[in-house]
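Summary of structural features
Given next are the chains, with one letter for each unit.
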Amino acid sequence: MFIKIRRDTLIILLLAFLLIFSGRVMTYMSYASSTTVDQGVPISGIIVKGNDIVPLDSIKNSLANVGFRSGSYIQGNTLVTSKRQVPLNEAINNAKQAAMETTIPGTQITPIVAADVQVDNSTGIVTVNVIEDFSNIQIKGLNGTF
Amino acid sequence: MVHSRGCIMKRTNLVRILMFLMTMTVLINTSAATMNVVVITDPTGQDPNGAAAGSQSWAENMFQSTFILSKDKHFAVLSGGEGNETPRLGAIVSAINNLENGGTAQSAAQLANNFAGIRIMTGGPTIGAAVGGYFLAYVVVVQDNGTITVTPYNGGIAVLPPGTKGAIIHLRNTPGNPQYGTADAVRLQTAEMMGEMIRDGYPATDVVAAAFKNVAINAGEKHGGGAVNLVSGVTTGDMFTPTAINTTGFSMDQPYSKVSSTGWSVAFPEAANYQTSPIDGSNLTTVYAYEALRKAITVDANATSVAIYGTDDSGVSDTTREIVQASVYKHGFNANQIAKDINKGISNGLLVGVNYVEASDININQNQKAVGVYFKSLPDDRSSPPWNLPISASILSILGNMQTAIGLILVILVLFRSTLISSFLKK
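Residues numbered from 1 in each chain as written. Chains lettered and ligands numbered in written order. Predicted model: local features only at pLDDT ≥ 70, side-chain atom pairs only at ≥ 80, totals over all residues.

**Quick look at the overall build of chain A**
- A tally of helices and strands in chain A yields three helices and seven strands.
- Starting at the N terminus and walking to the C terminus, you meet the elements of chain A as α-β-β-α-β-β-β-α-β-β.
- With the principal axes as the frame, chain A shows a C-alpha extent of 95 × 35 × 25 Å.
- In chain A, which comprises 146 residues, the proportion classed as buried is 32%.
- Excluding contacts between residues fewer than 6 apart, the proportion of contacts in chain A whose partners are at least 24 apart in sequence is 56%. (Helix = DSSP H or I, 4+ residues; strand = E, 2+ residues; numbered from the N terminus. Buried ≥ 20, exposed ≤ 12 C-beta atoms within 10 Å, placed from the backbone. Contact = placed C-beta atoms within 7 Å.)

Dropping the structure here:
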């Protein structure tokens, strides 16, 4: 042995280890059993209404891109995402814009002409109402509207 | 004698030149080489599986725009993924616009002729089906007395009139496809097979899936693409489409997932690691992509449709859907039982990131065979719900911190024992 350790030292060290370990376990248990939330309301889901031809997933993706995705939460009047914090009304405007820029997958056709986004501050559910219109679509390289 | 031989030679040359020209025209038109198929087995629109359509190709970029579905107005607009992009978009938009304003399949498909080199196939349970523009198609008509008529069409417009049972299939080979040259034979073979299936009373979704299988295996035009159920408004969505631009989609003749008899499933490539279901140990069967397509667009009269709110995590929604379906299959529409089964899934870590549900969070509509589940997602990126301990969290936290502190003090005591003891002794 390079280091001489007395037996009672060893016992005390073992006791210390046990105490620290069980202490940490207890702290974790307190975290795991705590129900109080110090965070805001998490964005729990997106409900899309009014879309017919534009797929649901495309609209949800558009909204996820502007911050309405799982992992984001609402704190007061702020939407906190993994990247930044945005005032909620600004985020809603961004979401409207993003919904209207949603394309049919594989094309650049954007048939959504109007979008309304509502955020429920208590449940975190985002409701999107969209209106599709195919009668006034402009395509790059073709004259007129279709 | 010599003269007549020369004549034969010239004729052979002529035939060769003609053949060459025909090949060239076919090659030019293959700018959008794809399989497009529309099947209508119930022209009244009553059968939830009575009309279906789909697109697949050997080529790249078979995004959802090649099988557009209107779930409210019950029509589909099919096109090729390749080809000159701008006119194709124009044709798609004109066709959709026409159909939204009450047009028939024929009037919408006719519009493809205004765009050079474009093909549009449309259809719906009550509006019939039609293909317009540049195509090589067979129209299959099945009379009520079982007579099957298969008619070839080559460009212009081909129509399956409203009120008739039947199908339209367009198929051409993409240049570069190793099975190039098989399209003509497979198109006819598939058309005949579809005619027989329609006559024998198979639902349209089965017929479309069978056409996908036959074309994928025998003609090699196999990359999804996808298919839609026109009556029930179900689409395969992004199941088989490419994940990035200029790539191909899923091969429809490949294994897609493994599924257990109780409804648990796992997709390839992960599925290669599973031999039995981790839930109940039952055996898994391999599902091929065309079979997965059939299941995805077929609406089972006995199946439960499950809507999930409160979480956008696709893993949670899919697993919940399976749990609910298994629960309904076993115990019927019982909110308590469904909640119990979901909570079991949450406790054993099958569902993460959501809180336990109560029976009141389960919304059941037994007539529609629909179940809605309202989840509350957990804050703070937690994976499992809070533990239910008899001691309150704050007491535990204080106790834990105290123990840690005492432990650390002990370590310090040991380290400086001799110094401390001697300093005590001095006093």
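Still more to cover.
**Considerations on the sheet that holds strand β13 (residues 284–288) of chain B**
All names here are of chain B.
- With antiparallel pairing, three strands are arranged side by side in an open sheet as β12-β11-β13. Across the chains shown, the open sheet's two edge strands, defined by having one partner strand only, are β12 (265–267) and β13. Taken over all neighbouring pairs, the strand axes of this sheet differ in orientation by 25° on average, direction set aside.
- In the sheet, strand β11 (residues 255–260) pairs with β12 via three bridges, with the strands oriented antiparallel. (Pairing = 2+ DSSP bridges. Axes fitted to C-alpha atoms, helices over the stretch in contact; angles between N-to-C directions.)

**Some points on the nonpolar core**
Residue and element names in this part refer to chain B.
- With 110 residues, the main nonpolar core has V39, A53, A76, I168 and V208 as its most contacted residues.
- With eleven residues, strand β6 (residues 128–142) is the single largest residue contributor to this core.
- Residues in contact with A53, not counting those within four places in the same chain, are V37, V38, F67, A76, L78, G123, V208, A227, V228 and L230.
- The next biggest cluster of nonpolar side chains, apart from the first, holds 17 residues, and it includes I323, L351, V357 and V373. (Core = buried A, V, L, I, M, F, W, Y, C linked by C-beta atoms within 7 Å.)

**As for the domain arrangement of chain A**
- Domain boundaries in chain A define domain 1 (1–36) and domain 2 (41–132).
- Look at where the C-alpha atoms of domain 1 of chain A and domain 2 of chain A centre, and you get two points 48 Å apart. (Domains from an automatic or database assignment.)

**Brief notes about the interface of chain B and chain A**
- Listed as interface residues are 47 residues of chain B and, on the opposing side, 46 residues of chain A.
- Looking at which element gives the most residues to the side of chain B that touches chain A, the answer is helix α9 (residues 393–415) of chain B, with 14 residues.
- Grouping the amino acids of the side of chain B that touches chain A by side-chain chemistry returns 18 nonpolar, 19 polar and ten charged. (Nonpolar A, V, L, I, M, F, W, Y, C, P; charged D, E, K, R; others polar.)

**Comments concerning helix α7 (residues 314–331) of chain B**
Residue and element names in this part refer to chain B.
- For α7, spanning 18 residues, the distance from its first C-alpha to its last is 25 Å, which sits close to the expected 26 Å at 1.5 Å a residue.
- Among all positions of α7, only V316, T320, E322, I323, V324, S327 and V328 are buried.
- Looking at the packing, one finds that the buried side of α7 touches β14 (305–309), α8 (335–347) and β16 (370–374).
- At the exit of α7 stands G332, carrying a positive phi of roughly 80°. (Expected span 1.5 Å × (residues − 1).)

**Comments concerning the packing of helix α2 (residues 56–65) of chain A against helix α3 (residues 88–100) of chain A**
Residue and element names in this part refer to chain A.
- At a minimum axis distance of 9 Å, the contact between α2 and α3 shows a crossing angle of 145°. For α2 against α3, the interelement crossing comes out right-handed. Between α2, through I59, S62, L63 and N65, and α3, the contact on the second element is made entirely by A95, A98 and A99.
- When the residues that make up the contact of α2 with α3 are grouped by side-chain class, the tally is five nonpolar, two polar and no charged. (Left-handed = near helix turned anticlockwise from the far one by under 90°.)

**What to know about the sheet that holds strand β7 (residues 125–132) of chain A**
All names here are of chain A.
- Taken in spatial order, the three strands line up as β2-β7-β6 in an open sheet, and their pairing is mixed. Every other strand in the sheet has two partners, leaving β2 (45–49) and β6 (112–119) as the edge strands with one partner each. This sheet shows a mean twist of 20° between the axes of neighbouring strands, independent of strand direction.
- Looking at chain direction, β2 and β7 are connected through five bridges and run parallel. Note that in β7 the partner of I47 across the bridge is T127.
- Taken strand by strand, α2 contacts β2 and β7, and its axis lies near 130° from that of β2.

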